[in-house]
Amino acid sequence: MIRNATNRLALNSGCRIIQNRFISSCSASQQKHKEAIAPYSMKDSFRYSPEEGYIRTSAFNDVSMQNMTIDQYIWQDLNKFQDKCAIKCGETGREYTYAQLRDHTSALAVRFQTQFGLKQGDVLAICLPNIPEFAIAALATIEAGIVATSVNPIYTSDEICKQLLSSGAKLIIGIPEIHSVLQTAIAQTKKPIKIISIKTTEDQSLPADAINFYELIRTKDVNFGDLIKYDVLPSDTAILPFSSGTTGTSKGVMLSHDNIVINCEQLHVPLPDTPLIDETTRDFQAVCPAVLPFFHIYGFTVCLMSKLKLRTKIISLPKFHPETFMKAVIVEKGSILHLVPPIILFLGGHPSITPKHVESVRVVVSGAAPIGSSDVERLIKKAPQCDFIQGYGLTETSPATLMSVKGCKNFASVGGPVSGTEAKIVDINDPTYKGLGPNENGEVLVKGPNNMKGYLNNQQATDETLIADNWLRTGDLGHYDEDGYFYVTDRLKELIKVKGFQVPPAELEEILRDHPKVVDAAVIGIPHETHGELPHGYVVAKEGVQVSEKELQDYVAQKVSAFKHLDGGITFTKQIPKNATGKIMRRQLKEEWATR
C-alpha cells in the first residue's frame, strides 16, 4: 500500500514502502474485471463545483481525530489483554506479552531521559531489522518525548552518516552485525553519538564500546516516576522517516502523532460492518507475520502500530526466507498478511504451497508495487477463503491514502480514498489543480489528516509537495473510473524503484560524475521482471581515456547499498540530452533505451 516496490523474493532485511507507484494500469485488466467489482460502489462518493472540479470523497466509515500521542493511543485499555503475546521473533522464538512490552517500554523511556539526558524534541535513530525489540525502542522513544528516525539497516556508512547529520540524531540503536558500519558512520559525522546494541541471540557477543539494550529495558531498579512527562501535542512531530519524495535526494518526512494515529484508525474501519481484521477477544487473536520492514512507513504504521493497537500477535521476520515465512503462516496460523508482489507471486506460484498451508489466512493486503490480476487469482485459487485488498500510499501520507474494499475483485484498482481523505486527478499543465472527471488522466493529489507536516529543514520541497488547502502532490499519474475506483498508472517523479526501495537518480549521477574518467552522466530506471526496475547509467567518458562498464559499476558499488548498484548496465554516449535549463531529459533516454 505504499509507493515502494519489491519484485524479488530477496527482500534483504525487509522489502520500501513502502514507495511509489502502485498499480499498473492495464485497460484490458480493468475491463476484464469490470463486472467482478465488489457490490459496494464508490460511484456516489464525490463532490463537484465549477471552481474545484471533481473531488473524490471517501466511501469508508468516518473516523474522528483521537487527539492523543501514539503511546497513549497504543496503551489504551491495556488491562484487557495484557497477558496475550504482543510480538514474537519468527527466527529465535523470543517474545513479549503486551504487559511486558509496556513495562520494558516505560523503563527504556526513563533511561533515555535520565541516563542519556535526551529531552523533548531530540532525535534518536533506530537502525534495526524486524525484531521484537524494534517495538520497544520505537514506543519508548515516543513516550520519552523524543523523535524517532528510522534507518535502513542495510545502508552503507555514507548513507547512515547523511541521515544522522540531516536528522540531528543524538543516539542510535543497532545490532552487533552492523556495529562496525555504525561506528564508521558516526566517525564521519564527527558527532559524539553513542550506540545501543541489541543481541539477537544468546551466544552473540556485544561489541566492546556498545551499550547493552537489555540492561536499559530491565524493570528492576527503575523508578517509573522519574519519567518527565513533557507537554507533547498530538500535532508535534513523532517520527522522522526519510523519503526521496517526488524528486531529489532523501529528505526527513515530519509525521506527527496525529498523522500516525489517524492512519491506524483509517486502516481499522474500511467500510460499514466490514473491519479489516477482527479485534482481539479473550478467545481470538489475529496473527500478523511481519516481513515488511518496520523502518519503512508501511511496516511501521500498517504492520506494527496498527496491529499493536488491535492487540494482534505480530511475528517479526528480519528477512524474507521462504522457510521462516511459511513457518509463521502455518505454525503460528497467520491470519492477516501484509505483502508485496514478490511474496504474493511466491505464495500463488510455488508448487509446494498448497491450500492446506494457507488455510488460516483471512486477509491479504498488497502494497508498494504493481501486481497483475492473474497473479492475484493464482493466490486466491489456493486461499479462496481470504479477502484480497489493494492499497496505495506514500511516506508523506503516513502511509495509507487509497484502499480497495473487502470483496472487491477488481485487482487492477487501488480502490478509493480512506476515511476522512479526499483525492483528485489534475491536469499536469493546469496551475489551478482543478479536479478532472472519470477516465481522465493526470496527477494524483490527496488531502487528509494523514498528510505529513512537511520535510525537515526543506521549505522549498515542502512547498512543492504540499500546495494550497493541504493538497499533497503524489507525483504519480492515474485516473479513476465511473465507479470511483482509482488506478495509478505511471509517475511524474524520476525515482527508480528497485526491490521496494527508492533510488534517486541524482545520487548515482553525482557519484559517476565524481569518477576521474567521467565527464557527465545520467541514470534511468529500466524494467526488470523480478526487481521492478534496475538503475542504468548513461556515461560520457573523458576524451582519450579508456574506462570499462565494470570499472564504473564497481566504483558505484563501493559507495552505495546493493539495491542502488548499476545492475541495469551502462551505456557510453557522446552527450547527455538536456533541456534549455540544463535538466536531464530522462524520458528521452528511456525512450531511446526502449527502442534500441
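Only a predicted model underlies this, so the values are computations on that prediction, with no experimental measurement involved.

Quick notes on the rules
Residues numbered from 1 in each chain as written. Predicted model: local features only at pLDDT ≥ 70, side-chain atom pairs only at ≥ 80, totals over all residues. Heavy atoms only, no water. Helix = DSSP H or I, 4+ residues; strand = E, 2+ residues; numbered from the N terminus. Contact = heavy atoms within 4.5 Å. Phe/Tyr/Trp six-rings, centres within 6.5 Å; stacked < 30°, edge-to-face > 60°. Buried < 20%, exposed > 50% of the residue type's maximum accessible area, 1.4 Å probe, protein only. Pairing = 2+ DSSP bridges. Axes fitted to C-alpha atoms, helices over the stretch in contact; angles between N-to-C directions. Salt bridge = Lys/Arg side-chain N within 4 Å of Asp/Glu carboxyl O.

**Some details on the side chain of Ser561**
Moving on, step 1. Here Ser561 lies in the loop between helix H15 (549-557) and strand S29 (570-572).
Moving on, step 2. Not counting residues up to four positions away in its chain, the partners in contact with Ser561 are Ile154, Tyr155, Thr156 and Glu159.

**Some remarks on the packing of aromatic side chains**
Moving on, step 1. In this structure the tally under the stated criterion is nine aromatic pairs.
Moving on, step 2. Ring plane angle 40° and centroid distance 6.1 Å describe the contact between Phe46 and Tyr54, whose orientation is recorded as tilted.
Moving on, step 3. With relative accessibility at 36%, the residue Phe46 sits in the partly exposed group.
Moving on, step 4. On the accessibility criterion, Tyr54 (29% relative accessible area) is partly exposed.
Moving on, step 5. Plain terms: the ring middles of Phe213 and Tyr214 are 5.9 Å apart, the flat faces sit at 85° to each other, and that makes the pair edge-to-face.

**Here's the deal with the sheet that holds strand S3 (residues 85-89)**
Moving on, step 1. The strand order across the open sheet built from four strands is S4-S3-S14-S13, with neighbouring strands paired in mixed fashion. This sheet does not close on itself; its edge strands, each paired only once, are strand S4 (95-97) and strand S13 (287-290). On average, each strand axis in the sheet is tilted by 15° relative to the strand beside it, whichever way the strands run.
Moving on, step 2. Where S13 and strand S14 (residues 313-316) come together, four bridges link them in parallel fashion. Across the sheet, the residue bridging to Cys288 is Ile314, located in S14.
Moving on, step 3. Helix H9 (residues 297-309) contacts S3, S13 and S14 of the sheet and is inclined by roughly 155° relative to S14.

**Things to note about the environment of Phe295**
Moving on, step 1. Note that Phe295 resides in the loop between S13 and H9.
Moving on, step 2. A C-alpha to C-alpha distance of 7.5 Å links Phe295 and Cys127, two positions 168 residues apart in sequence.

**Observations concerning unusual backbone geometry**
Working note: non-glycine residues mostly have negative phi, and peptide bonds are mostly trans.
Moving on, step 1. Following Ser398, the chain continues to Pro399 via a peptide bond in cis, the omega torsion being 15°.
Moving on, step 2. With respect to the helices and strands, Pro399 occurs in the loop between strand S17 (387-393) and strand S18 (400-403).
Moving on, step 3. Even without being a glycine, Arg311 presents a positive backbone phi close to 60°.
Moving on, step 4. Examined against the element boundaries, Arg311 turns out to sit in the loop between H9 and S14.
Moving on, step 5. Of note, Asp469 is a non-glycine position whose phi angle comes to about 65°, a positive value.
Moving on, step 6. Relative to the helices and strands, Asp469 resides in the loop between helix H13 (459-465) and strand S23 (472-480).
Moving on, step 7. The exposure class assigned to Asp469 is exposed, which follows from its relative accessible area of 51%.

**Digging into the pattern of salt bridges**
Two side chains that carry opposite charge are able to pair once their charged atoms sit near each other.
Moving on, step 1. In total, this model carries 20 salt bridges according to the counting rule given.
Moving on, step 2. Between Glu507 and Lys564 there is a salt bridge whose closest N-O contact spans 3.0 Å. Of the two residues, Glu507 sits in helix H14 (residues 505-513) while Lys564 sits in the loop between H15 and S29, which places them 57 residues apart along the sequence. Each member of the pair, Glu507 as well as Lys564, carries the same accessibility label: buried.
Moving on, step 3. One salt bridge connects Asp554 with Lys550, and the closest N-O pair in it is separated by 2.7 Å.

Remember that the coordinates give geometry; whether it matters functionally is a separate question.
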